[in-house]
Every structure is written in C-alpha cells, then in structure tokens.
Amino acid sequence: MCGWRRDLGDMINELEGSMARGSTVTLLSEVEKEARDTRLGENSRDYHRHLKNLTLHHHVGDPTRRKDLEALPMEKYDSVIIVADEELES
C-alpha cells in the first residue's frame, strides 16, 4: 500500500478479513514508523495489533519517488493499492 489515510486501519482490517493466512501487506508512506502504531490505533481502533492472516511490513519513503519505490521488492507483490495521502488532501 502506498500513501497514508486516516482510515488506513479500517482498510487493513478489511484486508485481514479477506486475505489468506500468511499474507503480507507492505506499507510505504512518509509517516515515520514510530508514529504508525498510534495513527493506526486512532479512535480506539486496534485491528492492526490483532492480525491473524496478515503481517505488516513498514517502509518509510515517498510513494511518488522512484528511488523509494525501487528499494521495495516489487517482484514479490501480487497487487498494489495506492491511497490518497491525507497530508495532501484539502
């Protein structure tokens, strides 16, 4: 997943319910790793702390920057989800 939205935790919860056990989700965003747990847990959401089917992999970077995208193992991904970055929404 590229980008960050305030409802990203809900999206992860939806993926958790539809993905096979052992699946992984890679998050590429400019949001620092240390802030992600808090931001995913906003509004009493803690789905990301109780995942059974998914494993989250965190990468900090700009999803519009080629160098940051090339640092990821793209050949391993079956799908890519791009979300509007909340920092850029008006």
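Being a predicted model, the structure only gives us computed values, none of them experimental.

**Student:** Hey, could you go over the overall build of the chain for me, with residue numbers and the actual values?
**Tutor:** When helices and strands are counted, the chain shows three helices and two strands. Of the regular secondary structure in the chain, the N- to C-terminal order runs α-β-α-β-α. Rg of the C-alpha trace for the chain: 13 Å, near the compact-globule value of 12 Å for 90 residues, within the 12% margin. In terms of overall dimensions, the chain has C-alpha extents of about 30 × 30 × 20 Å along its principal axes. Within the chain, the proportion of its 90 residues that are buried is 33%. Per element, the accessible surface of the chain, about 6,100 Å² overall, is 46% carbon and sulfur.

**Student:** Any details on helix H1 (residues 8-18)? Residues and values, ideally.
**Tutor:** Within an α-helix, residues lying three or four positions from one another point in the same direction, as the helix has 3.6 residues per turn. Taken together, the buried positions of H1 are Leu8, Gly9, Ile12, Leu15 and Glu16. Buried residues in H1, looked at end-on, bunch into an arc of 115°, giving them a common side. The exposed set on the far side of H1, more than 90 degrees from its buried face, consists of Glu14, Gly17 and Ser18. The elements touched by buried residues of H1 are strand E1 (23-29), helix H2 (33-40) and strand E2 (54-60).

**Student:** So, the environment of His59: which residues are in play, and what are the values?
**Tutor:** Tracing the chain through its elements places His59 in strand E2. By relative accessible area, His59 is classed as partly exposed at 29%. A C-alpha to C-alpha distance of 11 Å links His59 and Glu34, two positions 25 residues apart in sequence. If sequence neighbours within four positions are ignored, His59 has contacts with Thr26, Leu27, Leu28, Ser29, Lys33, Arg36 and Leu72.

What counts, and where the lines are drawn
Residues numbered from 1 in each chain as written. Predicted model: local features only at pLDDT ≥ 70, side-chain atom pairs only at ≥ 80, totals over all residues. Heavy atoms only, no water. Helix = DSSP H or I, 4+ residues; strand = E, 2+ residues; numbered from the N terminus. Rg over C-alpha atoms; globule rule 2.2 N^0.38 Å. Buried < 20%, exposed > 50% of the residue type's maximum accessible area, 1.4 Å probe, protein only. Areas by Shrake-Rupley, 256 points an atom, 1.4 Å probe, with all protein chains shown as cover. Arc of directions from axis to C-beta. Contact = heavy atoms within 4.5 Å.

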